[in-house]
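# Architecture and fold: a report
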Amino acid sequence: DTAVSQTPKYLVTQMGNDKSIKCEQNLGHDTMYWYKQDSKKFLKIMFSYNNKELIINETVPNRFSPKSPDKAHLNLHINSLELGDSAVYFCASSQVTGGANTEAFFGQGTRLTVV
Amino acid sequence: AQSVAQPEDQVNVAEGNPLTVKCTYSVSGNPYLFWYVQYPNRGLQFLLKYITGDNLVKGSYGFEAEFNKSQTSFHLKKPSALVSDSALYFCAVSRLGAGSYQLTFGKGTKLSVIP
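What counts and what doesn't
Residues numbered from 1 in each chain as written. Chains lettered and ligands numbered in written order. Predicted model: local features only at pLDDT ≥ 70, side-chain atom pairs only at ≥ 80, totals over all residues. Heavy atoms only, no water. Helix = DSSP H or I, 4+ residues; strand = E, 2+ residues; numbered from the N terminus. Buried < 20%, exposed > 50% of the residue type's maximum accessible area, 1.4 Å probe, protein only. Contact = heavy atoms within 4.5 Å. Pairing = 2+ DSSP bridges. Axes fitted to C-alpha atoms, helices over the stretch in contact; angles between N-to-C directions. Phe/Tyr/Trp six-rings, centres within 6.5 Å; stacked < 30°, edge-to-face > 60°. Salt bridge = Lys/Arg side-chain N within 4 Å of Asp/Glu carboxyl O. Polar contact = N/O pair within 3.5 Å; in protein donor to acceptor, adjacent residues only side chain to side chain. Nonpolar A, V, L, I, M, F, W, Y, C, P; charged D, E, K, R; others polar. Disulfide = S-S within 2.5 Å.

With that settled, consider the environment of Phe42 of chain A. Mapped onto the fold, Phe42 of chain A is located in the loop between β4 (31-37) and β5 (43-50). By relative accessible area, which is 37% here, Phe42 of chain A ends up partly exposed. Separated by 20 residues in sequence, Phe42 of chain A and Lys22 of chain A have C-alpha atoms that sit 22 Å apart. Apart from the residues within four sequence positions on either side, Phe42 of chain A is in contact with Lys36 and Gln37 of chain A together with Phe105, Gly106 and Lys107 of chain B.

A few words on the sheet that holds strand β1 (residues 4-7) of chain A. By way of backbone hydrogen bonds, the strands of a sheet pair with one another, either parallel or antiparallel. Residue and element names in this part refer to chain A. Strands sit in the order β1-β3-β8-β7 across an open sheet of 4 strands; the sheet is antiparallel. Of all the strands in the sheet, just β1 and β7 (64-70) have a single pairing partner and so form its edges. Pairwise comparison of adjacent strand axes, ignoring direction, gives a mean angle of 20 degrees for this sheet. Relative to strand β8 (residues 73-78), strand β3 (residues 19-25) runs antiparallel, the two being bridged by 4 bridges. For Lys19, the partnering residue across the bridge sits in β8 and is Ile78.

On to the pairing of strand β8 (residues 64-68) of chain B. Residues and elements named next belong to chain B. As paired strands, strand β7 (residues 56-58) and β8 are joined by 3 bridges and run antiparallel to one another. What sits directly across from Lys58, in β8, is Glu64. Between β7 and β8, which pair antiparallel and follow one another directly, the connecting turn spans 5 residues, one of which, Tyr61, has a positive phi of 60 degrees.

With that out of the way, let us pick up unusual backbone geometry. Put simply, Thr7 of chain A and Pro8 of chain A share a cis peptide bond, and its omega is 0 degrees. Residue placement: Pro8 of chain A occurs in the loop between β1 and β2 (10-13). Even without being a glycine, Asn41 of chain B presents a positive backbone phi close to 60 degrees. Within the secondary structure layout, Asn41 of chain B lies in the loop between β5 (32-38) and β6 (44-50). Even without glycine at this site, Tyr61 of chain B takes up a positive phi of about 60 degrees. Within the secondary structure, Tyr61 of chain B is located in the loop between β7 and β8.

As enumerated under the stated definition, the model contains 15 aromatic pairs over all chains in all. Considering the side-chain rings of Tyr35 of chain A and Phe105 of chain B, the 5.7 Å spacing of their centres and the 85 degrees angle between planes classify their relative orientation as edge-to-face. Separated into two different chains, Tyr35 of chain A in strand β4 and Phe105 of chain B in strand β11 (residues 100-105) make up a pair that spans both. Here the two residues Tyr35 of chain A and Phe105 of chain B agree in accessibility, since each one is buried. Three or more aromatic residues link up through ring pairs in this structure, and these residues are Tyr33, Tyr35, Phe90 and Phe106 of chain A together with Phe34, Tyr36, Phe46, Phe90 and Phe105 of chain B.

Next up on the list: the interface of chain B and chain A. Between chain B and chain A, the contact holds 24 residues from the first and 25 residues from the second. Applying the counting criterion to the chain B and chain A interface returns 1 salt bridge. Between Lys49 of chain B and Glu103 of chain A there is a salt bridge, with the nearest N and O atoms lying 3.1 Å from each other. At the boundary of chain B with chain A, the tally comes to 5 residue pairs in polar contact (both at pLDDT 80 or more). Here the element with the most residues in the side of chain B that touches chain A is β11 of chain B; it accounts for 5 residues. For the side of chain B that touches chain A, the class distribution of residues is 13 nonpolar, 8 polar and 3 charged.

Turning our attention to the state of the cysteines. All names here are of chain B. Under the criterion given, the structure shown has 2 disulfides over all chains. The disulfide partner of Cys23 is Cys91, and the S-S distance across this bridge is 2.0 Å. What sets the handedness of the Cys23 and Cys91 disulfide is the S-S torsion sign, and at about -60 degrees it is left-handed. With Cys23 in the loop between β3 (19-21) and β4 (24-26) and Cys91 in strand β10 (residues 87-97), the pair connects residues that are 68 residues apart, well separated along the chain. For Cys23, a relative accessible area of 0% puts it in the buried group. Cys91 gets classed as buried once you look at its relative accessible area, which sits at 0%.

The subject of this paragraph is the pattern of salt bridges. Residue and element names in this part refer to chain B. The tally for this structure, following the rule as stated, stands at 7 salt bridges over all chains. When the shortest N-O distance is used, the salt bridge between Glu66 and Lys77 registers 3.7 Å. Note that Glu66 is positioned in strand β8 and Lys77 in strand β9 (residues 73-78), a separation of 11 residues in sequence. Note on Glu66: relative accessible area 39%, which makes it partly exposed. By relative accessible area, which is 30% here, Lys77 ends up partly exposed. In this structure, Lys78 engages Asp85 in a salt bridge whose closest nitrogen and oxygen atoms are separated by 2.8 Å. For the pair Lys78 and Asp85, a shared accessibility class is recorded, and that class is buried.

In short, shape yes, function no, at least from these values alone.
In structure tokens:
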């Protein structure tokens, strides 16, 4: 069983469109994250959700909105896509409460190409 | 603020030779340090972590890392490199902030093991 799964794996879309990327984790973790990897492979956190509450929003444009229907899912919605949004987006999860200090588990990534 | 520096964009090593991938960090308080590996078109895989305790940490696939507080370093090592170790390696530092563990990644080091 895949621990953290994202769909779709590839997404090609036109500028101005609205798209969503789905993420699910079956690890029972209480916190989920979205990271963006740019063309230079630099990884930066976008959001984290702890028990369905947004904890961090790292200067991400408000065109990006995470939505978590339950603690096993954290979807990423992107409105009015721009060329600069082209990147690989990674979902991740970890267990925070209880002081577990566990590592984050990552999904396989979604390669978004805006044309 | 926390940061990670990986001073080498690329490391080349002959198969069977020892390898070292360097990482230094900056964080207030006690650091939680991680190494991840990314194979082409794949997600990030956890290798090892330092939270507390023994400065020499052993991880997956024969990798180990040494935490050096005075030098604020966490170099990744392996006694004998394999061609299959060729990949992109990321060092990351984490701290508990506002209920989640925010990972800050280095820029990555491409490891090439030459047969």
